[in-house]
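# Summary of the model geometry
Residue-level listing of the chains:
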Amino acid sequence: MKMYYKYGFVILILLFLINSCIIVWELVPKNPSPFLSTNQINTTPSDKMLLNDHLIIDSFFVHGYPEEHTPPLAPATPALEKFLLSTQGVVDLNRSEVFRVSQKNLDSPQRIIILVPGIFGGIGAASNLAKSIVKRNHQSQVWLWDRRSNQLEDRRHFQQALLENNPQILYDQLEEGQFKIKEDAYYQPALEDISFVGYWGLNVQLRDLFNIILEARNQADEVILAGYSLGVYYSTLFLANRFDEGAGYQFIDRVILLDGPPMIKGYVKNDFTYHNGATIVPGGYIDGLKKLQSGEFYPCNGDGTRKMDAFYLMELKALLAQIDPDGLSPVPYQISGKKIPITNLARFLVEQDDNYQKFKLFTLTAGLANAEHKGLFNEQDTVKITGLAHDADHISWISINKLPPDHPKEFNYHEEYLSAFSNLNFNMPEWYQPTRMLLDMGAIHYNNTAKGWQSKYFSITENKKVNRSVLAIGLARGLSSQKEIYQRYIQSTAVDDFTIIMLGNLTHTDGNSAGDRHSKQYVAEIITSWLKGRPISQPFPEE
(Lines give C-alpha, C1' and ligand atoms only; values in the text may rest on other atoms or scores of the structure.)
Protein backbone atom coordinates (compact mmCIF):
# COMPACT_ATOMS: atom_id res chain seq x y z
CA MET A 1 0.00 0.00 0.00
CA LYS A 2 2.84 2.39 0.84
CA MET A 3 4.44 1.79 -2.58
CA TYR A 4 1.16 2.76 -4.25
CA TYR A 5 1.16 6.14 -2.51
CA LYS A 6 4.84 6.71 -3.25
CA TYR A 7 4.31 5.94 -6.92
CA GLY A 8 1.14 8.04 -6.93
CA PHE A 9 3.12 11.00 -5.63
CA VAL A 10 5.59 10.76 -8.51
CA ILE A 11 2.82 10.55 -11.10
CA LEU A 12 0.99 13.47 -9.50
CA ILE A 13 4.12 15.60 -9.83
CA LEU A 14 4.35 14.71 -13.52
CA LEU A 15 0.69 15.53 -14.09
CA PHE A 16 1.08 18.94 -12.49
CA LEU A 17 4.23 19.64 -14.50
CA ILE A 18 2.48 18.73 -17.74
CA ASN A 19 -0.27 21.21 -16.91
CA SER A 20 2.22 23.97 -15.88
CA CYS A 21 0.83 23.92 -12.36
CA ILE A 22 2.29 23.83 -8.88
CA ILE A 23 1.98 20.80 -6.66
CA VAL A 24 -0.83 21.18 -4.16
CA TRP A 25 0.37 19.12 -1.24
CA GLU A 26 -3.18 18.60 0.01
CA LEU A 27 -3.81 16.56 -3.17
CA VAL A 28 -0.88 14.17 -2.83
CA PRO A 29 -2.21 10.64 -2.09
CA LYS A 30 -1.58 9.50 1.47
CA ASN A 31 -2.22 6.39 3.53
CA PRO A 32 -5.95 6.45 4.28
CA SER A 33 -7.72 6.94 7.59
CA PRO A 34 -9.84 4.04 8.92
CA PHE A 35 -12.87 3.73 6.67
CA LEU A 36 -16.20 2.02 6.18
CA SER A 37 -16.44 -0.56 3.42
CA THR A 38 -19.27 -0.27 0.94
CA ASN A 39 -21.02 -3.32 2.40
CA GLN A 40 -21.47 -1.40 5.66
CA ILE A 41 -23.46 1.41 4.04
CA ASN A 42 -27.23 1.34 4.48
CA THR A 43 -28.90 1.20 1.08
CA THR A 44 -32.28 2.24 -0.28
CA PRO A 45 -34.63 -0.61 -1.28
CA SER A 46 -35.10 -0.79 -5.04
CA ASP A 47 -38.86 -0.33 -4.77
CA LYS A 48 -38.28 3.05 -3.06
CA MET A 49 -36.20 4.40 -5.94
CA LEU A 50 -37.41 6.22 -9.04
CA LEU A 51 -36.84 4.47 -12.34
CA ASN A 52 -34.69 6.11 -15.00
CA ASP A 53 -37.71 6.86 -17.18
CA HIS A 54 -39.18 8.90 -14.31
CA LEU A 55 -36.22 11.29 -14.44
CA ILE A 56 -35.69 14.26 -16.68
CA ILE A 57 -32.57 16.30 -17.39
CA ASP A 58 -33.08 19.75 -18.86
CA SER A 59 -30.90 22.83 -18.92
CA PHE A 60 -31.04 26.61 -18.75
CA PHE A 61 -28.56 29.49 -18.72
CA VAL A 62 -27.97 31.91 -15.85
CA HIS A 63 -26.36 35.31 -16.37
CA GLY A 64 -23.00 35.50 -14.69
CA TYR A 65 -20.48 38.12 -13.72
CA PRO A 66 -20.52 40.95 -16.32
CA GLU A 67 -16.82 40.71 -17.15
CA GLU A 68 -16.17 43.74 -19.35
CA HIS A 69 -13.55 42.18 -21.64
CA THR A 70 -15.81 39.24 -22.50
CA PRO A 71 -18.39 39.07 -25.30
CA PRO A 72 -21.03 40.43 -25.47
CA LEU A 73 -19.64 43.37 -23.45
CA ALA A 74 -16.62 43.39 -25.78
CA PRO A 75 -16.68 42.46 -29.46
CA ALA A 76 -15.95 38.88 -30.43
CA THR A 77 -13.52 38.03 -33.20
CA PRO A 78 -15.19 36.88 -36.42
CA ALA A 79 -13.99 33.28 -35.85
CA LEU A 80 -15.33 33.13 -32.30
CA GLU A 81 -18.60 34.81 -33.27
CA LYS A 82 -19.14 32.30 -36.08
CA PHE A 83 -18.45 29.37 -33.74
CA LEU A 84 -20.70 30.62 -30.92
CA LEU A 85 -23.58 31.38 -33.26
CA SER A 86 -23.25 27.87 -34.71
CA THR A 87 -23.10 26.09 -31.35
CA GLN A 88 -24.84 28.38 -28.85
CA GLY A 89 -27.07 30.56 -31.00
CA VAL A 90 -25.85 33.68 -29.17
CA VAL A 91 -22.54 35.45 -28.57
CA ASP A 92 -22.62 35.62 -24.79
CA LEU A 93 -19.91 34.10 -22.59
CA ASN A 94 -20.84 36.01 -19.42
CA ARG A 95 -23.15 33.18 -18.46
CA SER A 96 -23.04 29.53 -17.45
CA GLU A 97 -25.35 26.59 -18.06
CA VAL A 98 -27.20 24.60 -15.43
CA PHE A 99 -28.28 21.03 -16.06
CA ARG A 100 -31.24 20.17 -13.83
CA VAL A 101 -31.90 16.57 -12.82
CA SER A 102 -35.41 16.12 -11.51
CA GLN A 103 -38.37 13.84 -11.18
CA LYS A 104 -40.70 14.40 -14.12
CA ASN A 105 -43.44 16.94 -13.48
CA LEU A 106 -41.89 18.16 -10.21
CA ASP A 107 -42.77 21.84 -10.27
CA SER A 108 -41.87 22.81 -6.69
CA PRO A 109 -38.85 20.92 -5.33
CA GLN A 110 -38.42 20.58 -1.59
CA ARG A 111 -34.68 21.17 -1.97
CA ILE A 112 -32.15 21.97 -4.65
CA ILE A 113 -28.64 20.54 -4.44
CA ILE A 114 -26.16 22.56 -6.51
CA LEU A 115 -23.26 20.31 -7.49
CA VAL A 116 -19.93 21.91 -8.38
CA PRO A 117 -17.48 19.82 -10.45
CA GLY A 118 -13.74 20.01 -9.98
CA ILE A 119 -11.14 21.77 -12.06
CA PHE A 120 -10.86 20.18 -15.52
CA GLY A 121 -14.36 18.75 -14.89
CA GLY A 122 -17.51 19.12 -16.94
CA ILE A 123 -20.88 18.18 -15.49
CA GLY A 124 -20.80 14.73 -17.09
CA ALA A 125 -18.40 13.77 -14.33
CA ALA A 126 -21.20 14.03 -11.76
CA SER A 127 -24.31 13.34 -13.84
CA ASN A 128 -24.65 9.74 -12.67
CA LEU A 129 -24.30 10.79 -9.04
CA ALA A 130 -26.93 13.48 -9.59
CA LYS A 131 -29.39 10.98 -11.06
CA SER A 132 -28.77 8.55 -8.21
CA ILE A 133 -29.45 11.26 -5.61
CA VAL A 134 -32.78 12.20 -7.22
CA LYS A 135 -33.82 8.54 -7.54
CA ARG A 136 -33.63 8.31 -3.75
CA ASN A 137 -34.90 11.81 -2.95
CA HIS A 138 -37.96 12.27 -5.14
CA GLN A 139 -38.75 15.82 -4.05
CA SER A 140 -35.20 17.04 -4.63
CA GLN A 141 -33.52 18.44 -7.71
CA VAL A 142 -29.80 18.39 -8.44
CA TRP A 143 -28.44 21.32 -10.43
CA LEU A 144 -25.13 20.67 -12.16
CA TRP A 145 -23.04 23.78 -12.83
CA ASP A 146 -21.42 23.75 -16.28
CA ARG A 147 -18.96 26.63 -16.11
CA ARG A 148 -18.72 29.35 -18.74
CA SER A 149 -15.57 27.91 -20.33
CA ASN A 150 -17.40 24.79 -21.51
CA GLN A 151 -19.15 26.89 -24.18
CA LEU A 152 -15.80 27.05 -26.00
CA GLU A 153 -15.64 23.31 -26.73
CA ASP A 154 -16.31 22.20 -30.32
CA ARG A 155 -18.25 18.93 -29.94
CA ARG A 156 -20.19 19.17 -33.19
CA HIS A 157 -18.76 15.99 -34.75
CA PHE A 158 -19.45 14.13 -31.50
CA GLN A 159 -23.05 15.31 -31.38
CA GLN A 160 -23.59 14.35 -35.01
CA ALA A 161 -22.14 10.87 -34.40
CA LEU A 162 -24.48 10.39 -31.43
CA LEU A 163 -27.55 11.65 -33.27
CA GLU A 164 -26.88 9.43 -36.29
CA ASN A 165 -25.38 6.55 -34.28
CA ASN A 166 -22.62 6.68 -36.86
CA PRO A 167 -19.06 5.78 -35.76
CA GLN A 168 -17.67 6.54 -39.23
CA ILE A 169 -17.90 10.26 -38.40
CA LEU A 170 -15.40 9.58 -35.63
CA TYR A 171 -13.10 7.34 -37.65
CA ASP A 172 -12.93 10.04 -40.33
CA GLN A 173 -11.32 12.44 -37.84
CA LEU A 174 -8.31 10.20 -37.26
CA GLU A 175 -5.14 9.78 -39.27
CA GLU A 176 -5.04 6.33 -40.87
CA GLY A 177 -4.08 3.67 -38.31
CA GLN A 178 -3.29 6.23 -35.60
CA PHE A 179 -4.90 7.86 -32.62
CA LYS A 180 -3.97 11.22 -34.05
CA ILE A 181 -6.53 13.93 -34.81
CA LYS A 182 -6.49 15.28 -38.35
CA GLU A 183 -5.48 18.90 -38.80
CA ASP A 184 -8.42 21.31 -38.40
CA ALA A 185 -10.80 18.52 -37.34
CA TYR A 186 -12.41 20.91 -34.90
CA TYR A 187 -12.40 24.60 -33.99
CA GLN A 188 -9.74 25.56 -31.47
CA PRO A 189 -9.91 29.20 -30.39
CA ALA A 190 -6.79 31.16 -31.24
CA LEU A 191 -5.20 33.52 -28.71
CA GLU A 192 -6.93 36.52 -30.24
CA ASP A 193 -10.29 34.70 -29.99
CA ILE A 194 -10.19 34.15 -26.24
CA SER A 195 -7.58 36.46 -24.72
CA PHE A 196 -10.35 37.68 -22.39
CA VAL A 197 -10.26 34.35 -20.54
CA GLY A 198 -7.23 35.79 -18.74
CA TYR A 199 -9.79 37.80 -16.73
CA TRP A 200 -11.87 34.75 -15.74
CA GLY A 201 -10.55 34.46 -12.22
CA LEU A 202 -11.99 33.48 -8.89
CA ASN A 203 -14.18 36.56 -8.45
CA VAL A 204 -15.81 35.98 -11.85
CA GLN A 205 -16.44 32.29 -11.21
CA LEU A 206 -17.80 32.79 -7.69
CA ARG A 207 -20.25 35.40 -8.94
CA ASP A 208 -21.40 33.00 -11.67
CA LEU A 209 -22.08 30.44 -8.95
CA PHE A 210 -23.74 33.00 -6.69
CA ASN A 211 -26.25 33.92 -9.41
CA ILE A 212 -27.18 30.25 -9.78
CA ILE A 213 -27.70 29.97 -6.03
CA LEU A 214 -29.92 33.06 -6.03
CA GLU A 215 -32.03 31.45 -8.77
CA ALA A 216 -32.31 28.25 -6.71
CA ARG A 217 -33.41 30.24 -3.66
CA ASN A 218 -36.36 31.50 -5.69
CA GLN A 219 -37.49 27.95 -6.41
CA ALA A 220 -36.92 25.84 -3.27
CA ASP A 221 -37.13 26.13 0.50
CA GLU A 222 -33.72 24.53 0.98
CA VAL A 223 -30.55 25.04 -1.07
CA ILE A 224 -27.57 22.77 -0.52
CA LEU A 225 -24.12 23.47 -1.97
CA ALA A 226 -22.15 20.34 -2.88
CA GLY A 227 -18.64 20.18 -4.30
CA TYR A 228 -16.83 17.19 -5.75
CA SER A 229 -13.06 16.89 -6.12
CA LEU A 230 -11.62 20.42 -6.43
CA GLY A 231 -15.24 21.54 -6.55
CA VAL A 232 -14.96 21.19 -2.75
CA TYR A 233 -12.43 24.02 -2.75
CA TYR A 234 -14.64 26.10 -5.04
CA SER A 235 -17.48 25.55 -2.57
CA THR A 236 -15.66 26.44 0.64
CA LEU A 237 -14.25 29.58 -0.99
CA PHE A 238 -17.80 30.51 -1.98
CA LEU A 239 -19.03 30.03 1.59
CA ALA A 240 -16.31 32.33 2.91
CA ASN A 241 -16.64 34.98 0.20
CA ARG A 242 -18.16 38.38 0.99
CA PHE A 243 -20.50 39.49 -1.79
CA ASP A 244 -22.28 42.85 -1.89
CA GLU A 245 -25.44 41.02 -0.80
CA GLY A 246 -23.77 39.23 2.12
CA ALA A 247 -21.50 36.29 2.90
CA GLY A 248 -21.83 33.24 0.68
CA TYR A 249 -22.76 30.84 3.46
CA GLN A 250 -25.78 32.99 4.36
CA PHE A 251 -27.45 31.91 1.11
CA ILE A 252 -26.87 28.19 1.74
CA ASP A 253 -28.74 25.89 4.13
CA ARG A 254 -26.41 22.89 4.19
CA VAL A 255 -23.09 21.84 2.65
CA ILE A 256 -21.77 18.58 1.16
CA LEU A 257 -18.03 18.11 0.57
CA LEU A 258 -17.21 15.10 -1.61
CA ASP A 259 -13.63 13.80 -1.77
CA GLY A 260 -11.74 17.01 -2.26
CA PRO A 261 -9.64 19.48 -0.25
CA PRO A 262 -11.73 22.11 1.59
CA MET A 263 -8.72 24.41 1.92
CA ILE A 264 -5.07 24.53 0.90
CA LYS A 265 -1.92 26.28 1.95
CA GLY A 266 -1.62 28.84 -0.84
CA TYR A 267 1.31 28.29 -3.18
CA VAL A 268 1.31 31.86 -4.57
CA LYS A 269 3.13 33.50 -1.71
CA ASN A 270 3.23 37.22 -2.46
CA ASP A 271 2.06 40.04 -4.70
CA PHE A 272 5.16 39.87 -6.90
CA THR A 273 4.59 36.19 -7.65
CA TYR A 274 0.89 36.81 -8.27
CA HIS A 275 1.72 39.40 -10.92
CA ASN A 276 4.72 37.73 -12.49
CA GLY A 277 4.03 34.00 -12.26
CA ALA A 278 5.10 31.18 -10.03
CA THR A 279 8.06 28.95 -10.91
CA ILE A 280 7.71 25.40 -9.69
CA VAL A 281 10.77 23.50 -10.88
CA PRO A 282 13.01 24.21 -13.89
CA GLY A 283 10.73 24.45 -16.92
CA GLY A 284 7.40 24.84 -15.18
CA TYR A 285 5.32 27.83 -14.04
CA ILE A 286 1.90 29.38 -13.78
CA ASP A 287 1.52 32.60 -15.73
CA GLY A 288 1.04 35.64 -13.52
CA LEU A 289 -1.57 38.37 -13.75
CA LYS A 290 0.52 40.54 -16.08
CA LYS A 291 0.80 37.82 -18.72
CA LEU A 292 -2.77 36.58 -18.40
CA GLN A 293 -4.21 40.08 -18.84
CA SER A 294 -1.77 41.17 -21.53
CA GLY A 295 -3.56 39.38 -24.35
CA GLU A 296 -0.22 37.93 -25.48
CA PHE A 297 -0.31 34.52 -23.79
CA TYR A 298 -2.79 31.70 -24.23
CA PRO A 299 -5.00 31.87 -21.11
CA CYS A 300 -6.15 28.23 -20.88
CA ASN A 301 -4.59 24.84 -20.29
CA GLY A 302 -2.63 23.50 -23.20
CA ASP A 303 0.82 22.49 -24.33
CA GLY A 304 1.90 25.94 -25.50
CA THR A 305 0.43 25.44 -28.97
CA ARG A 306 -3.20 25.89 -27.83
CA LYS A 307 -4.06 22.39 -29.09
CA MET A 308 -6.65 20.52 -27.05
CA ASP A 309 -6.13 17.24 -28.92
CA ALA A 310 -5.61 15.24 -25.71
CA PHE A 311 -9.10 16.17 -24.48
CA TYR A 312 -10.62 15.72 -27.91
CA LEU A 313 -9.01 12.33 -28.49
CA MET A 314 -10.09 10.96 -25.13
CA GLU A 315 -13.69 11.89 -25.82
CA LEU A 316 -13.49 10.45 -29.33
CA LYS A 317 -12.29 7.13 -27.89
CA ALA A 318 -15.15 7.16 -25.39
CA LEU A 319 -17.66 7.75 -28.18
CA LEU A 320 -16.23 4.90 -30.27
CA ALA A 321 -16.64 2.67 -27.21
CA GLN A 322 -20.20 3.90 -26.80
CA ILE A 323 -21.41 3.82 -30.42
CA ASP A 324 -19.33 0.93 -31.79
CA PRO A 325 -18.26 -1.06 -28.71
CA ASP A 326 -17.63 -4.36 -30.52
CA GLY A 327 -15.92 -2.80 -33.53
CA LEU A 328 -12.18 -3.25 -33.68
CA SER A 329 -10.10 -0.28 -32.61
CA PRO A 330 -8.27 1.53 -35.43
CA VAL A 331 -5.13 1.12 -33.34
CA PRO A 332 -4.39 -2.45 -32.15
CA TYR A 333 -3.13 -3.28 -28.66
CA GLN A 334 0.61 -3.88 -28.53
CA ILE A 335 2.17 -6.64 -26.44
CA SER A 336 5.95 -6.96 -26.68
CA GLY A 337 5.89 -5.34 -30.10
CA LYS A 338 3.10 -7.62 -31.38
CA LYS A 339 -0.14 -5.96 -32.50
CA ILE A 340 -3.29 -7.60 -31.09
CA PRO A 341 -6.82 -6.69 -32.31
CA ILE A 342 -8.93 -5.10 -29.57
CA THR A 343 -12.47 -3.77 -29.48
CA ASN A 344 -13.17 -0.06 -29.11
CA LEU A 345 -14.76 -0.72 -25.72
CA ALA A 346 -11.79 -2.65 -24.39
CA ARG A 347 -9.32 -0.16 -25.87
CA PHE A 348 -10.92 2.75 -24.02
CA LEU A 349 -11.49 0.97 -20.71
CA VAL A 350 -8.05 -0.60 -20.48
CA GLU A 351 -6.77 2.99 -20.37
CA GLN A 352 -9.31 3.95 -17.68
CA ASP A 353 -9.70 0.91 -15.43
CA ASP A 354 -7.85 0.55 -12.13
CA ASN A 355 -6.72 -3.00 -12.87
CA TYR A 356 -4.34 -1.81 -15.58
CA GLN A 357 -2.99 1.48 -14.21
CA LYS A 358 -0.30 1.89 -11.57
CA PHE A 359 -1.62 5.28 -10.45
CA LYS A 360 -5.22 4.45 -9.54
CA LEU A 361 -6.61 7.75 -8.21
CA PHE A 362 -8.27 8.85 -11.46
CA THR A 363 -9.26 5.38 -12.65
CA LEU A 364 -12.55 3.49 -12.32
CA THR A 365 -13.59 -0.05 -11.47
CA ALA A 366 -15.42 -1.21 -14.59
CA GLY A 367 -14.55 -4.89 -15.12
CA LEU A 368 -11.63 -6.48 -16.96
CA ALA A 369 -10.38 -7.35 -20.39
CA ASN A 370 -11.13 -10.77 -21.84
CA ALA A 371 -7.47 -11.67 -22.25
CA GLU A 372 -4.60 -13.53 -20.66
CA HIS A 373 -3.24 -11.65 -17.64
CA LYS A 374 -0.25 -11.52 -15.38
CA GLY A 375 -0.71 -10.19 -11.85
CA LEU A 376 -3.31 -10.09 -9.09
CA PHE A 377 -6.74 -8.51 -9.31
CA ASN A 378 -7.15 -6.43 -6.15
CA GLU A 379 -7.27 -2.77 -5.10
CA GLN A 380 -3.51 -2.27 -4.89
CA ASP A 381 -1.85 -4.37 -7.60
CA THR A 382 -1.60 -3.75 -11.32
CA VAL A 383 -2.19 -6.49 -13.86
CA LYS A 384 -0.74 -6.77 -17.34
CA ILE A 385 -2.33 -8.18 -20.48
CA THR A 386 0.01 -10.84 -21.85
CA GLY A 387 -1.99 -12.28 -24.76
CA LEU A 388 -5.32 -13.41 -26.14
CA ALA A 389 -7.78 -15.42 -24.08
CA HIS A 390 -8.29 -19.06 -25.01
CA ASP A 391 -10.21 -19.44 -28.31
CA ALA A 392 -10.35 -15.62 -28.82
CA ASP A 393 -9.03 -13.76 -31.86
CA HIS A 394 -9.21 -10.31 -30.26
CA ILE A 395 -9.34 -8.61 -26.84
CA SER A 396 -12.83 -7.69 -25.65
CA TRP A 397 -14.30 -6.42 -22.37
CA ILE A 398 -16.05 -8.18 -19.47
CA SER A 399 -18.36 -5.75 -17.65
CA ILE A 400 -19.04 -5.77 -13.90
CA ASN A 401 -22.29 -7.73 -14.26
CA LYS A 402 -20.41 -10.64 -15.87
CA LEU A 403 -17.33 -10.86 -13.67
CA PRO A 404 -16.19 -14.25 -12.34
CA PRO A 405 -17.59 -15.03 -8.84
CA ASP A 406 -14.14 -14.81 -7.24
CA HIS A 407 -13.30 -11.41 -8.75
CA PRO A 408 -13.16 -8.46 -6.31
CA LYS A 409 -16.30 -6.31 -6.28
CA GLU A 410 -16.36 -3.45 -8.78
CA PHE A 411 -18.82 -0.58 -9.06
CA ASN A 412 -18.86 1.23 -12.42
CA TYR A 413 -21.01 -0.19 -15.21
CA HIS A 414 -19.40 0.86 -18.47
CA GLU A 415 -22.59 1.91 -20.30
CA GLU A 416 -23.45 4.40 -17.56
CA TYR A 417 -19.90 5.70 -17.49
CA LEU A 418 -19.70 6.16 -21.25
CA SER A 419 -23.03 7.96 -21.48
CA ALA A 420 -21.79 10.39 -18.81
CA PHE A 421 -18.37 10.79 -20.41
CA SER A 422 -19.83 11.97 -23.71
CA ASN A 423 -23.50 12.91 -23.87
CA LEU A 424 -25.35 14.76 -26.59
CA ASN A 425 -25.53 17.85 -24.36
CA PHE A 426 -22.53 17.60 -22.06
CA ASN A 427 -19.27 15.79 -21.42
CA MET A 428 -16.91 14.85 -18.62
CA PRO A 429 -13.80 17.02 -19.16
CA GLU A 430 -13.40 20.80 -19.17
CA TRP A 431 -11.11 21.54 -22.10
CA TYR A 432 -10.53 25.26 -21.59
CA GLN A 433 -9.91 25.56 -17.86
CA PRO A 434 -8.83 29.19 -17.23
CA THR A 435 -5.23 29.34 -16.07
CA ARG A 436 -6.26 32.38 -14.02
CA MET A 437 -8.23 30.06 -11.72
CA LEU A 438 -5.09 28.06 -10.93
CA LEU A 439 -3.32 31.32 -10.12
CA ASP A 440 -6.14 32.77 -8.01
CA MET A 441 -6.95 29.61 -6.08
CA GLY A 442 -3.26 29.23 -5.29
CA ALA A 443 -3.24 32.72 -3.80
CA ILE A 444 -5.80 31.86 -1.09
CA HIS A 445 -4.10 30.77 2.13
CA TYR A 446 -6.41 28.55 4.20
CA ASN A 447 -9.59 30.28 2.98
CA ASN A 448 -8.72 33.70 4.36
CA THR A 449 -7.80 36.93 2.57
CA ALA A 450 -8.89 39.32 5.32
CA LYS A 451 -5.32 40.56 5.74
CA GLY A 452 -2.18 40.71 3.65
CA TRP A 453 -1.52 41.33 -0.02
CA GLN A 454 -4.49 39.16 -1.14
CA SER A 455 -6.99 41.55 0.43
CA LYS A 456 -6.53 43.88 -2.57
CA TYR A 457 -7.92 41.23 -4.91
CA PHE A 458 -10.23 38.88 -3.00
CA SER A 459 -12.97 38.95 -0.36
CA ILE A 460 -12.52 35.52 1.25
CA THR A 461 -13.06 36.98 4.72
CA GLU A 462 -15.94 35.06 6.33
CA ASN A 463 -14.54 31.56 6.87
CA LYS A 464 -14.58 31.79 10.67
CA LYS A 465 -18.31 32.61 10.57
CA VAL A 466 -19.42 29.69 8.38
CA ASN A 467 -21.95 27.81 10.54
CA ARG A 468 -23.96 25.55 8.23
CA SER A 469 -24.38 21.78 8.69
CA VAL A 470 -21.70 19.89 6.79
CA LEU A 471 -21.47 16.36 5.40
CA ALA A 472 -17.93 15.47 4.32
CA ILE A 473 -17.16 12.25 2.46
CA GLY A 474 -13.61 11.11 1.85
CA LEU A 475 -12.68 8.09 -0.24
CA ALA A 476 -9.86 5.86 0.95
CA ARG A 477 -8.82 5.39 -2.68
CA GLY A 478 -9.62 8.96 -3.58
CA LEU A 479 -8.40 12.52 -3.37
CA SER A 480 -9.18 13.13 0.33
CA SER A 481 -8.26 9.88 1.99
CA GLN A 482 -7.51 11.28 5.44
CA LYS A 483 -10.17 12.40 7.88
CA GLU A 484 -7.90 15.13 9.23
CA ILE A 485 -8.21 17.28 6.11
CA TYR A 486 -11.91 17.77 6.89
CA GLN A 487 -11.38 18.10 10.63
CA ARG A 488 -8.91 20.95 10.08
CA TYR A 489 -11.41 22.75 7.92
CA ILE A 490 -14.25 22.32 10.42
CA GLN A 491 -12.03 23.67 13.19
CA SER A 492 -11.39 26.82 11.14
CA THR A 493 -15.14 27.60 10.97
CA ALA A 494 -18.08 28.02 13.36
CA VAL A 495 -19.64 24.72 12.21
CA ASP A 496 -20.87 22.56 15.10
CA ASP A 497 -23.07 20.12 13.15
CA PHE A 498 -20.87 18.02 10.95
CA THR A 499 -20.61 14.42 9.78
CA ILE A 500 -17.44 12.95 8.30
CA ILE A 501 -17.62 9.60 6.52
CA MET A 502 -14.53 7.87 5.17
CA LEU A 503 -15.50 5.24 2.59
CA GLY A 504 -13.41 2.46 1.09
CA ASN A 505 -13.40 0.42 -2.15
CA LEU A 506 -14.41 3.22 -4.56
CA THR A 507 -11.86 5.16 -6.55
CA HIS A 508 -12.13 8.94 -6.84
CA THR A 509 -13.68 8.52 -10.31
CA ASP A 510 -16.13 5.87 -9.09
CA GLY A 511 -17.38 8.22 -6.40
CA ASN A 512 -19.21 10.53 -8.78
CA SER A 513 -19.41 8.66 -12.12
CA ALA A 514 -20.78 5.29 -10.99
CA GLY A 515 -24.52 4.76 -11.29
CA ASP A 516 -27.06 2.24 -10.02
CA ARG A 517 -27.15 -0.29 -12.84
CA HIS A 518 -25.64 -3.59 -11.69
CA SER A 519 -24.33 -1.89 -8.53
CA LYS A 520 -25.24 0.77 -5.95
CA GLN A 521 -24.23 4.40 -5.92
CA TYR A 522 -22.81 4.44 -2.39
CA VAL A 523 -22.00 8.15 -2.28
CA ALA A 524 -25.66 8.84 -3.14
CA GLU A 525 -26.69 6.43 -0.37
CA ILE A 526 -24.62 8.31 2.21
CA ILE A 527 -26.04 11.65 1.07
CA THR A 528 -29.58 10.29 1.21
CA SER A 529 -29.20 8.96 4.74
CA TRP A 530 -27.76 12.28 5.87
CA LEU A 531 -30.53 14.28 4.22
CA LYS A 532 -33.19 12.09 5.83
CA GLY A 533 -31.53 11.96 9.24
CA ARG A 534 -31.16 8.19 9.34
CA PRO A 535 -28.11 6.02 10.18
CA ILE A 536 -25.54 5.95 7.40
CA SER A 537 -23.86 2.64 8.15
CA GLN A 538 -24.68 -0.79 9.42
CA PRO A 539 -23.21 -1.67 12.81
CA PHE A 540 -19.63 -2.81 12.62
CA PRO A 541 -19.33 -6.60 12.86
CA GLU A 542 -18.17 -7.84 16.24
CA GLU A 543 -14.54 -8.82 16.38
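Now for a quick tour of the structure. Values in this document were obtained by computation on a predicted structure and should not be read as measured data. Once a new chain begins, its residue numbering starts again from 1 and follows that chain's sequence as written. Only residues with pLDDT of at least 70 get local features here, since the model is predicted, and only at 80 or more are side-chain atom pairs given and counted; chain-wide, interface and lining totals rely on the full set of residues. With hydrogens and water stripped out, all remaining heavy atoms of the structure feed into the side-chain values.

Right, let's get into the packing of aromatic side chains. To pair, rings of Phe, Tyr and Trp, with the six-membered ring standing in for Trp, must have centres within 6.5 Å; the planes then decide the type, stacked if under 30 degrees apart, edge-to-face if over 60, and tilted in the middle. Scanning the entire structure with this criterion turns up 25 aromatic pairs. With a centroid separation of 4.9 Å and 80° between ring planes, the pair formed by F210 and F251 is classed as edge-to-face. On the criterion of sequence distance, the pair formed by F210 in helix α7 (residues 202-217) and F251 in the loop between β7 (246-247) and β8 (254-258) is long-range, its members being 41 residues apart. Each member of the pair, F210 as well as F251, is classed as buried. Geometrically, the ring pair formed by F348 and F421 is edge-to-face, given 5.5 Å between the ring centres and 85° between the ring planes. One end of the pair, F348, is in helix α12 (residues 344-350); the other, F421, is in helix α13 (residues 414-421), and 73 residues separate them in sequence. As far as burial versus exposure is concerned, F348 and F421 are alike and both buried. The rings of F158, Y186, Y312, W431 and Y432 are connected pair by pair, giving a single aromatic cluster. Across from the ring centre of F61, 3.4 Å away, lies the NZ or CZ of R95, which sits over that ring. Numbering of helices and strands runs from the N terminus, with a helix taken as a DSSP run of H or I at least four residues long and a strand as a DSSP run of E at least two residues long. A simple rule labels every residue: compare its accessible area, found with a 1.4 Å probe on the protein chains alone, to the largest value its type can have, and call it buried under 20%, exposed over 50%, or partly exposed in between. A ring has a charge above it when a Lys NZ or an Arg CZ is no more than 6 Å from the ring centre and no more than 35 degrees off the ring normal.

Looking now at the nonpolar core. The definition of a nonpolar core used throughout is a set of buried Ala, Val, Leu, Ile, Met, Phe, Trp, Tyr and Cys residues joined through side-chain atoms within 4.5 Å. Membership of the largest hydrophobic core comes to 61 residues, with the highest contact counts inside it found for I114, I213, L225, F238 and L239. Setting aside its immediate chain neighbours within four residues, L225 contacts I114, V116, L209, I213, S235, F238, L239, I252, R254, V255 and I256. Counting 37 residues, the second-largest nonpolar core is a separate cluster that includes L144, I224, Y522 and W530. Two residues form a contact once any of their heavy atoms are found within 4.5 Å.

Strand pairing in a sheet takes place through backbone hydrogen bonds and is either antiparallel or parallel in direction. A pair of strands is treated as paired once DSSP finds two or more bridges between them. What the three strands build is an open sheet, ordered β14-β13-β15; its pairing is antiparallel. Among the strands making up the open sheet, the edge pair consists of β14 (384-388) and β15 (396-398). Direction aside, the axes of adjacent strands within the sheet are offset by 80° on average. Where strand β13 (residues 368-374) meets β14, four bridges bridge the pair, whose relative direction is antiparallel. Counterpart to A371 in the pairing with β14 is L388. Working convention: axes come from line fits to C-alpha atoms, limited for helices to the stretch in contact. Angles between N-to-C directions cover 0 to 180 degrees.

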